[in-house]
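# Fold and geometry: a report
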Amino acid sequence: MTLQIPADLLPADGRFGSGPSKVPAGRLEALAATGVSLMGTSHRQQPVKDLVRRVQSGLADLFSLPEGYEVVLGNGGSVAFFDLVTYALVRERSQHAVFGAFGKKFLSAAKAAPWLADPSVISAEPGGLAVPAQKDDVDVYAWTHNETSTGVMAPVVRPAGAGAHQLTIVDATSAAGGLPLEVTESDVYYFAPQKSFASDGGLWLALLSPAAIARAEEIAASGRHIPSFFSLTEAIKQSRSAQTVNTPSVATLFLMAEQLDWMNSSGGLDAMVDRTTASSDVLYAWAEKASYVRPFVEAPTHRSLVVGTVELDAGIDKDLLRSVLAENGVVDLDAYRGIGTNQLRVAMYPSVDSADIEALTACIDWVVDRL
Ligand SMILES: *Cc1c(COP(=O)(O)O)cnc(C)c1O
């Protein structure tokens, strides 16, 4: 089937992938122009240290980092950080609010750690939201700021009644940079570069509170075996001198630094949230209005500003729809494995223009009309 969408309906940029996400035009050229002095030199040399500093200070600016908080980074991405938490931050028992695939994966890591007690779990079905609740015998509350698998966002607030000995640890892989945040509500706010930060995968970055740093030091001194890859105290030490424990991907850091410069010079986090709000307003208004589609997430306040999920009527062949769109350069609308029955998923990270979300919905209307 060949259907050519009229050029005036098409988005300026048709990439809507939830991660890795679109890298804005011009960034790879900037990498080619600057990379010569950065790549192929030791990561212990000044140019790479300067780059790490640029990322750290860019994040500190973006999140208005409070006194005492530190930006720490290391290799392995967010899923490696799940394991790191089990080694380096949970004393005995964690609680997990689980409402999608990523929260579940973290829970599995905590369950599998033989040195920890069986976790406390609060869960919701896909499309719903679960939030942590005060419980005396846990020392960590863990949840996901944005469930990339389902398009549900969660508040980042300490559970009412939480004690000073209880850390809040938030997986913000797809949320950071696109959802509002009061940093003091989290002790560990961690993410990776390949979503809102328009870079590549492989690194984790974390905003650590003084309490989180103290916990890492306490556990490191406790005699628990911690493989060096999962040592948070070592990562903290290296990060303080703009280094990582082992060799990082320099190109990934460069692309992230460029995105942070753009974010900070365009008005910072508030301006980025304005962008994701504008995009998601367009998407959900369309999904509520068009007769053949509806938002997957029922509660409007749980609908994510950064990853939108919509359910198409059963009569619409979503694979055919997606392939026609892809032939026209509109790509990466796949739902997360096993979520929804006939779903499209649309990333609305800060780099995505709301005009392109508008164009996307017009293209879908146009194709559905002709299927
Ligand atoms: C993408 C994603 C991850 C996985 O990140 P990796 O860097 O690939 O390990 C974890 N959690 C959430 C919420 C994500 O969106």
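The chain has the name Phosphoserine aminotransferase in an unreviewed UniProt entry, where Nocardioides luteus is given as its organism. Within the UniProt record for the chain, the comment given under Subunit (unreviewed entry) is "Homodimer." Of the chain, the UniProt comment under Function (unreviewed entry) reads exactly: "Catalyzes the reversible conversion of 3-phosphohydroxypyruvate to phosphoserine and of 3-hydroxy-2-oxo-4-phosphonooxybutanoate to phosphohydroxythreonine."

## Some points on the packing of helix H5 (residues 210-220) against helix H6 (residues 232-240)
With their axes 8 Å apart at the nearest point, H5 and H6 run at an angle of 130° to one another. By the criterion of interaxial angle, the relationship of H5 to H6 is oblique. The segment H5 lies against H6, with Ile 213, Ala 216, Glu 217 and Ala 220 engaging Leu 232, Thr 233, Ile 236 and Arg 240. In terms of residue class, the contact of H5 with H6 is built from five nonpolar, one polar and two charged.

## Description of the UniProt feature "binding site: L-glutamate" (unreviewed entry) in the chain
Look at the UniProt record and you will see "binding site: L-glutamate" (unreviewed entry) annotated at Ser 18 and Arg 44. Separation in sequence by 27 residues is matched in space for these annotated residues, since their most distant C-alpha atoms are 32.8 Å apart. Here Ser 18 lies in the segment before helix H1 (27-38). On the basis of relative accessibility, which here comes to 6%, the residue Ser 18 falls in the buried class. Other than its neighbours up to four places away in sequence, Ser 18 contacts Thr 148, Lys 195, Val 307, Arg 345, Val 346, Ala 347 and Tyr 349. You can see Arg 44 is positioned in the loop between H1 and helix H2 (46-62). Judged by relative accessible area, Arg 44 falls into the partly exposed class, the value being 35%. Other than its neighbours up to four places away in sequence, Arg 44 contacts Lys 49, Gln 238, Gln 243, Thr 244 and Val 245.

## Considering the pairing of strand E2 (residues 94-98)
A regular strand carries its side chains on alternate faces of the sheet. Burial analysis of E2 places five of its five residues in the buried class, the great majority of the element. What you see with E2 is no split at all: Ser 94, His 96 and Val 98 on one side and Gln 95 and Ala 97 on the other are buried throughout. Alignment of E2 against strand E4 (residues 140-144), held across three bridges, turns out to be parallel. Across the sheet, the residue bridging to His 96 is Ala 142, located in E4. As judged from the four bridges shared by E2 and strand E3 (residues 120-123), these two strands associate in the parallel manner.

## Here we look at the site of the ligand
Around the ligand there are 13 residues in total, and Val 79, Thr 148, Asp 171, Gln 194 and Lys 195 lie nearest to it. Between an oxygen atom of the ligand and a main-chain N or O atom of Ser 78, the distance comes to 3.1 Å. Measuring from an oxygen atom of the ligand, one finds a backbone N or O atom of Val 79 at 2.8 Å. Across the complex, the protein chains shield 86% of the 390 Å² of accessible surface that the ligand would expose by itself. Sort the elements by how many residues they give to the shell around the ligand and helix H3 (residues 77-88) lands first, with three residues. Within the shell around the ligand, the residues separate by chemical class into three nonpolar, eight polar and two charged.

## Brief notes about the nonpolar core
Among the nonpolar cores identified, the biggest contains 60 residues, and Leu 59, Phe 63, Tyr 189, Phe 191 and Phe 197 are the most heavily contacted of them. Among the elements that make up this core, the one with the highest residue count is helix H7 (residues 250-265) (nine residues). Looking at which domains feed residues into this core, each of domain 1 (11-24 + 268-369) and domain 2 (26-265) supplies at least three. Excluding residues within four positions of it along the chain, Phe 191 makes contact with Leu 59, Phe 63, Ser 78, Ala 172, Thr 173, Ala 176, Phe 197, Leu 203, Trp 204, Leu 205, Leu 207 and Met 256. Formed by 31 residues, the second largest nonpolar core is a distinct cluster that contains Phe 106, Val 140, Leu 167 and Ala 206.

## Observations regarding the packing of helix H9 (residues 318-327) against helix H10 (residues 354-370)
Across the interface, H9 lies against H10 with an axial gap of 10 Å and an inter-helix angle of 120°. Classified by the interaxial angle, the pair formed by H9 and H10 is oblique. With respect to the hand of their crossing, H9 and H10 are arranged in right-handed fashion. On the side of H9, the interface is formed by Leu 321, Val 324 and Leu 325, while H10 contributes Cys 363, Ile 364, Val 367 and Val 368.

## Regarding the sheet that holds strand E12 (residues 343-347)
Read across the open sheet, the three strands follow the order E10-E11-E12; overall the sheet is antiparallel. Of all the strands in the sheet, just strand E10 (293-295) and E12 have a single pairing partner and so form its edges. On average, each strand axis in the sheet is tilted by 30° relative to the strand beside it, whichever way the strands run. Two strands pair when backbone bridges link them, and E10 and strand E11 (residues 307-312) are joined in this way by three bridges, in the antiparallel orientation.

## A few points about the sheet that holds E4
The mixed open sheet is built from seven strands, whose spatial order is E1-E9-E8-E7-E4-E2-E3. The outermost strands of the open sheet, each flanked by one partner alone, are strand E1 (70-75) and E3. Ignoring strand direction, the axes of neighbouring strands in this sheet form an average angle of 20°. Seen against the sheet, H3 touches E1, strand E7 (167-171), strand E8 (188-191) and strand E9 (203-208) and runs at an angle of roughly 55° to E9.

Parameters at a glance
- Residues numbered from 1 in each chain as written.
- Predicted model: local features only at pLDDT ≥ 70, side-chain atom pairs only at ≥ 80, totals over all residues.
- Heavy atoms only, no water.
- UniProt positions renumbered as here; feature names shortened; annotations may be inferred.
- Axes fitted to C-alpha atoms, helices over the stretch in contact; angles between N-to-C directions.
- Helix = DSSP H or I, 4+ residues; strand = E, 2+ residues; numbered from the N terminus.
- Parallel < 35°, antiparallel > 145°, perpendicular 65-115°, else oblique.
- Contact = heavy atoms within 4.5 Å.
- Nonpolar A, V, L, I, M, F, W, Y, C, P; charged D, E, K, R; others polar.
- Buried < 20%, exposed > 50% of the residue type's maximum accessible area, 1.4 Å probe, protein only.
- Pairing = 2+ DSSP bridges.
- Near = heavy atom within 4 Å.
- Polar contact = N/O pair within 3.5 Å; in protein donor to acceptor, adjacent residues only side chain to side chain.
- Areas by Shrake-Rupley, 256 points an atom, 1.4 Å probe, with all protein chains shown as cover.
- Core = buried A, V, L, I, M, F, W, Y, C linked by side-chain atoms within 4.5 Å.
- Domains from an automatic or database assignment.
- Left-handed = near helix turned anticlockwise from the far one by under 90°.

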